[in-house]
Amino acid sequence: MFSSYFMILWTILWTIVCLNVSGNSAQYENFGGYDNFQSFESVPIGLLTDQNTEQMNIVFDHAIEVANQEVGTALTSLKEEVNYGDAYQSYGKLCRMVETGIAGVFGPSSRHTAVHLMSICDAMDIPHIYSYMSEYAEGFNLHPHPTDLAKALYNLIMAFNWTRFIFLYESADYLNILNELTTLFGMNGPVVTVLRYDMQLNGNYKQVLRRVRKSVDNRIVVVGSSETMPEFLNQAQQVGIINEDYKYIIGNLDFHSFDLEEYKYSEANITGLRLFSPEKFAVKELLMKLGYPTDQDEFRNGSCPITVEMALTYDAVQLFAQTLKNLPFKPVPQNCSQRTESVRDDGSSFKNYMRTLRLTEHLLTGPIYFEGNVRKGYHLDVIELQPSGIVKVGTWDEHRNYTARRLASTTAIYDSLDNSLANKTFTILLSVPNKPYAQLVETYKQMEGNSQYEGYGVDLIRELADKLGFNFTFVNGGNDYGSYNKSTNESTGMLREIMIGRADLAITDLTITSEREQAIDFSIPFMNLGIAILYLKPQKAAPELFTFMDPFSEEVWWFLGFSFVGVSLSFFILGRLSPSEWDNPYPCIEEPEELENQFTIGNSIWFTTGALLQQGSEIGPKALSTRTVASVWWFFTLLVVSSYTANLAAFLTIEKPQSLINSVDDLAENKDGVVYGAKRTGSTRNFFITSEDERYKKMNKFMTENPQYLTEDNVEGVNRVKTNTHYAFLMESTSIEYNIKRECTLNKIGDALDEKGYGIAMRKNWMHREKFNRALLELQEQGVLEKMKNKWWNEVGSGICATKDETPDATPLDMNNLEGVFFVLLVGSCCALLYGIISWVLFVMKKARHYRVPLRDALKEEFQFVIDFNNYVRVLKNSASIYSRSRQSSMSVASVVQESQ
C-alpha cells in the first residue's frame with residue numbers, strides 16, 4: 001500500500017519536472033546550446049559489441065574523442081561485449097547500462113539481437129543506433145536504405161548492358177532489393193533468375209553454386225551479409241565460377257574489407273560498391289588508431305579493413321554529439337522492470353531532432369541528412385577488383401546515378417621515365433565500317449570521339465592502352481589499306497598516312513606482306529589466317545529416278561542379289577536331295593507309281609521372293625534341311641527389310657544437299673560454270689598475282705581477264721555470293737568465319753590456300769614497336785586475344801545460324817553394317833546343305849541295302865536323277881532302274897522313303 005502511494009507521488013513529481021523542462025524548451029534554439037548544460041559533467045553512451053569487439057571499442061572511443069574535441073561535448077563510453085545472437089544476455093547488459101543512466105545505445109551487429117533491444121529502448125524512449133541494412137524505420141540507422149541500394153544496382157546493370165543475369169541472395173531480408181529492382185526494370189527489363197544461395201542454412205552454398213555453373217547465364221548479382229559473403233566467394237571459386245567467363249556485381253558495402261588476394265588474378269570481372277574512400281583524412285586517422293600504417297602496400301589500391309559498421313558507428317557518434325550540443329539533456333537512470341513509469345519524455349524529441357540535422361564535416365561516409373527516417377546525402381564509389389587490387393572505376397549518387405570514372409591502369413610497367421608511353425597520345429586509323437574489326441556504335445544517343453567506335457580492333461587498342469598507359473584518338477581511314485610502289489617510293493591509302501606522319505598506327509584486317517613491310521613496320525601478328533573460298537551452302541539436289549535404292553550401298557545390293565540366288569538354289573538342290581520333299585501327287589492312291597517335288601527352280605525362286613517381300617507363299621518346306629534354310633532366310637529378310645525401311649525413311653525426310661564446287665581445283669576449272677573473284681586491291685589479289693602454283697596462275701589469269709568479278713571491298717563480295725549461285729569469293733578465312741555465323745546460306749569451301757597474319761601497322765623503325773610486341777605477347781599468353789575474338793565472332797550479333805542444328809547426313813548402309821546378317825545366312829545355308837547331302841547319302845545307302853544292290857550303282861543312279869534338273873517326277877516302277885531288277889522289286893520306293901522317315 002505504501003509502495004503504491006510512493007509510486008503515485010513519484011510519478012506526479014516526475015511529471016512536474018518534465019513539464020517544467022518541456023516548457024523551457026518549447027523551441028530547440030531556446031536551449032542556448034551545450035553551454036547551458038555545463039552543470040552535467042559527462043553524458044555516457046553505451047556500446048554493445050558481438051563481433052570485432054576490440055576494433056569496435058577503438059573506433060567508438062576515437063569517435064567520442066573526435067566529437068568532444070570538434071563539437072565540444074562531454075561524451076563518455078560504456079562498453080559491453082555479448083555473444084553473437086544471444087538476445088537474453090544482451091538484454092541483461094542493456095538493463096545494467098540503463099540503470100546507470102545512458103543517453104543512447106549503439107549496436108550490436110546481430111539483427112535478431114538488435115531488434116529485440118530496439119523494442120526495449122523504444123519502450124523507455126532511449127535512442128538506439130544500429131548499423132545494418134533495414135527497410136524499417138524503427139530505431140536510428142545511417143545505413144543506406146535497400147531501395148537506394150537497388151537503384152545503384154539498377155544503374156550499374158543498365159550501364160553494363162546486361163540483358164539477363166542471376167540474382168543470388170542470402171535470405172528474405174534482401175528480397176526487398178529484388179522487389180525494387182523489378183519495379184525499376186518494368187515489363188521490358190532483363191531476364192532475371194532468382195536463387196537463394198543459403199538454402200540449407202548451414203553455410204554450404206555449393207549445391208546452388210553448381211546450378212549457377214550449369215546455367216547459361218554468366219552475369220551474377222549477389223546480395224548478402226558481411227558474415228556470409230567471404231565464404232560465398234571462397235565456395236564460388238572452389239566450384240569454378242570465378243574465372244574470366246563470369247561477371248559479378250557484389251551488393252555488399254563491405255566488399256572492400258574482404259581478403260581478396262586469391263581472387264585478384266582470377267580474371268573474373270568483379271564490381272562492388274563502397275560507402276567511403278580510404279583516401280579521406282578521417283579514414284587514415286582511424287586506420288592509425290587501429291594500428292594499420294596508412295602507407296602499407298596492401299592499402300595503396302583502395303582496399304581498407306574498416307567495415308561499414310565501424311564507419312557508420314563513427315558517423316553516428318558525430319551526429320549524436322551534434323544533436324546533444326543543440327538539444328542537451330541529462331541521462332536518467334531507469335529500470336527495465338518498470339517500463340511505463342520510467343519512460344523518458346524527451347527521447348523522441350532527441351531522435352526527431354537528430355533527423356533534422358545536416359552534417360558535412362568530420363564524417364567517414366559523406367554528408368548526412370534525412371528524408372523522413374531514411375538517411376540521404378551519401379554517394380557510393382563503384383569499385384572493381386583488378387590484379388593490382390581494388391580500383392575505383394566510377395561513382396553513384398541518387399541524383400546523377402552512375403558516372404564512369406575509370407582511372408589510368410595501375411598495372412603498366414614502363415622501361416624508364418624518359419622512354420615511357422604514359423601520357424602520349426597516338427592517332428590510330430580504323431576502317432569503318434568493317435565488321436567485326438571496327439564499326440559505329442548502334443545507339444540513339446549522339447556519340448563523339450572514340451566512344452562512337454566499337455569492334456575487335458577498338459577493344460585491342462584499349463587493352464594495349466591499359467597495359468602501356470598511352471592515350472589514343474581513332475580516325476576513320478576508309479577501306480583503302482594501301483600499297484607501296486618501290487620504284488617511285490610512293491604509297492597509297494593507310495600506308496601513305498602512316499609514312500607521312502599523319503597517323504601513328506593502323507588497326508584493321510591489314511595483312512602483313514613483304515611489299516608493305518618495305519614502307520612501314522608491323523607488330524607481331526595478333527591473328528593468324530589464310531585465303532579461303534566463300535560460297536553458298538550445298539543446295540538440295542533434285543530427286544533421282546532410283547532414289548529408292550539409296551538406303552543400301554551398291555556392295556550391299558550385290559550381296560543381297562547373290563544371297564537371293566544362292567538361297568533359291570539351296571531350296572532347289574535340297575528339295576531334290578531330301579526324300580521328304582517328294583510327295584504323292586494323288587493322296588487317295590496308297591501305292592502311287594510316281595512322286596513329285598514341289599521345289600522346282602521356279603517355286604524355289606517364288607518362295608524366296610515371297611519371304612523377302614514378307615508376303616509368304618503356298619509352298620511349305622517339309623524336310624529339316626529345307627526348313628533350316630527357310631528359317632535362316634526369314635531371319636535374314638526380317639533384319640534386312642527393317643534396316644532398309646528405317647534408312648529409306650531417313651533418305652526421304654533428310655535433304656541431301658549438293659554443292660557445285662567442293663575444292664579449289666573445282667573452282668579453278670570453273671566446274672558447272674562457277675566463276676569467282678576477290679577484292680580488287682589487297683593482299684588476297686597480290687597472292688594470286690605473285691603465286692608460282694599453276695592452279696593459282698590459272699585463277700589469276702581468269703580474274704585478270706574478267707575484272708567484272710572483282711569487288712571494291714569484302715562486303716560487296718559477300719553480297720554477290722548471296723545473290724548468285726554461280727559465284728564464289730576469295731577472302732581471308734577469319735572474315736569468312738565471321739560472315740557464315742551471321743549469314744545462314746554461306747559456307748567455307750576447302751582449307752586455307754596460304755598462311756599469313758594481321759598486324760598493327762606503324763612507322764618504319766618506330767621506337768615503341770618492341771613495347772607493343774611485348775604487350776601483344778602478354779595478351780596472347782593471358783588468353784585475352786582469343787577471348788576478344790570469341791566475343792566479336794561468336795557472341796556479338798551471332799547466334800542466328802548457330803542455334804539451328806545442322807541436319808545430319810543420310811548415308812547408305814554398307815557391308816560393315818550388315819555383314820553379321822549375311823554371315824548368319826551363309827552359315828545357316830551351309831549347315832542345311834551339308835545336312836541335306838548327308839541325309840541323302842544315308843537314304844541311298846539304306847535303299848541299296850534294302851534292295852540288295854551295289855551301293856556304287858545306287859549312288860550313281862540317284863545322283864543322275866538329282867542332276868536331271870528338267871525332271872521333277874520320280875517314277876517308282878521303272879524297268880530301267882537298278883532296283884527293278886533286284887529280287888525285292890515288289891517293294892516300292894515309297895516304303896523305303898517311309899522307313900527312312
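Further up the page is the structure itself.
Below you will find a few notes about this structure. Note that this is a predicted model, so its numbers are computed, not measured.

Turning our attention to helix 19 (residues 694-705). Across its 12 residues, helix 19 extends 17 Å between first and last C-alpha, which sits within 8% of the 16 Å expected from 1.5 Å per residue. Within helix 19, the full set of buried residues consists of Tyr696, Met699, Asn700, Phe702 and Met703. Buried positions in helix 19, seen along its axis, are confined to an arc of 160° and lie on one side of it. Turned more than 90 degrees from where helix 19 packs its buried face, Glu694, Lys701 and Glu705 sit exposed. The backbone nitrogen of Arg695 has a side-chain oxygen 2.8 Å away, supplied by the residue at the start of helix 19, namely Asp693.

This brings us to the pairing of strand 16 (residues 425-430). Where strand 16 lies against strand 19 (residues 471-476), 6 bridges are found, and the strand directions are parallel. Within strand 19, the position partnered with Thr425 by the bridge is Asn471. Bridging between strand 16 and strand 22 (residues 505-506) involves 2 bridges; their strand directions are parallel. Residue pairing in the sheet places Ile428 in a bridge with Leu505 of strand 22.

Once that is clear, we can look at the sheet that holds strand 30 (residues 675-678). Strand order in the open sheet formed by 4 strands is 30-31-25-32, with mixed pairing between adjacent strands. Edge positions in the sheet fall to strand 30 and strand 32 (746-749), since each has one partner strand and no second. Pairwise comparison of adjacent strand axes, ignoring direction, gives a mean angle of 35° for this sheet. On the sheet, helix 19 packs against strand 30 and strand 31 (727-732) and is oriented at approximately 85° with respect to strand 30. Its contacts with the sheet put helix 21 (residues 733-740) on strand 25 (531-536), strand 31 and strand 32, and the angle it makes with strand 31 is roughly 120°.

Once that is clear, we can look at the nonpolar core. In summary, soluble globular proteins display a tendency toward joint burial of nonpolar side chains. Formed by 75 residues in total, the largest nonpolar core has its most connected members in Leu75, Phe106, Phe167, Ile306, Leu319, Phe320 and Leu380. Ranked by residue count, the leading element in this core is helix 10 (residues 308-326), at 11 residues. Those residues in contact with Phe320 that lie beyond four places of it in its chain are Ile45, Leu75, Ala103, Gly104, Phe106, Pro127, Ile129, Phe350 and Met354. In this structure, Tyr456, Leu779, Leu785 and Trp792 belong to the second largest nonpolar core, which totals 37 residues.

Strand pairs in the sheet, formed through backbone hydrogen bonds, run parallel or antiparallel to each other. A sheet is described by the order of its strands in space; here 8 strands give the open sequence 7-6-8-9-10-13-14-15, paired in mixed fashion. For this open sheet the edge positions go to strand 7 (191-196) and strand 15 (401-404), each flanked by a neighbour on one side alone. Each adjacent strand pair in this sheet contributes to an overall mean axis angle of 25°, direction not counted. Pairing geometry for strand 6 (residues 164-169) and strand 7, over 6 bridges, is parallel. Within strand 7, the residue paired with Arg164 across the bridge is Val191. Running over the sheet, helix 6 (residues 175-185) touches strand 6, strand 7 and strand 8 (219-223) and is turned about 155° from strand 6.

The next point concerns the pattern of salt bridges. One pass over the full model with this rule turns up 27 salt bridges. With a closest N to O distance of 3.4 Å, Glu398 and Lys151 form a salt bridge. Here Lys151 lies in helix 5 (residues 146-159) and Glu398 lies in the loop between strand 14 (389-397) and strand 15, a separation of 247 residues in the sequence. Owing to a relative accessible area of 27%, Lys151 belongs among the partly exposed residues under this scheme. For Asp665, the salt bridge is made with Arg695, and the minimal N-O distance between the two is 3.2 Å. With Asp665 in helix 17 (residues 664-668) and Arg695 in helix 19, this residue pair connects regions lying 30 residues apart in the sequence.

Each value, and the rule that gives it
Along each chain, the written sequence defines residue order, and numbers are assigned to residues from 1. Owing to the predicted nature of the model, reporting of local features is limited to residues with pLDDT of at least 70; listing and counting of side-chain atom pairs is limited to 80 or more, with chain, interface and lining totals taken over all residues. The side-chain quantities take in all heavy atoms of the structure and omit both hydrogens and water. Each helix corresponds to a stretch of at least 4 residues labelled H or I by DSSP, and each strand to a stretch of at least 2 residues labelled E; elements are numbered beginning at the N terminus. The span one expects for a helix is its residue count, reduced by one, times 1.5 Å. Think of it in three bands: with a 1.4 Å probe and only protein chains considered, a residue is buried below 20% of the maximum accessible area for its type, exposed above 50%, and partly exposed in between. Here the arc refers to the directions that run from the helix axis out to each C-beta atom. Whenever a nitrogen or oxygen atom comes within 3.5 Å of another N or O atom, the pair is scored as a polar contact, on the condition that within protein one atom can donate a hydrogen and the other can accept it, and that pairs from neighbouring residues in sequence are kept only if both atoms are in side chains. We call two strands paired when DSSP finds no fewer than two bridges between them. Lines fitted to the C-alpha atoms define the axes, with helices restricted to the stretch that makes contact. Angles between their N-to-C directions range from 0 to 180 degrees. When checking whether two residues touch, look at their non-hydrogen atoms; a contact exists if any pair is within 4.5 Å. The nonpolar core is taken to be a set of buried Ala, Val, Leu, Ile, Met, Phe, Trp, Tyr and Cys residues, with the residues joined through side-chain atoms within 4.5 Å. Salt bridges are defined as contacts in which a side-chain nitrogen from Lys or Arg sits within 4 Å of a carboxyl oxygen from Asp or Glu.

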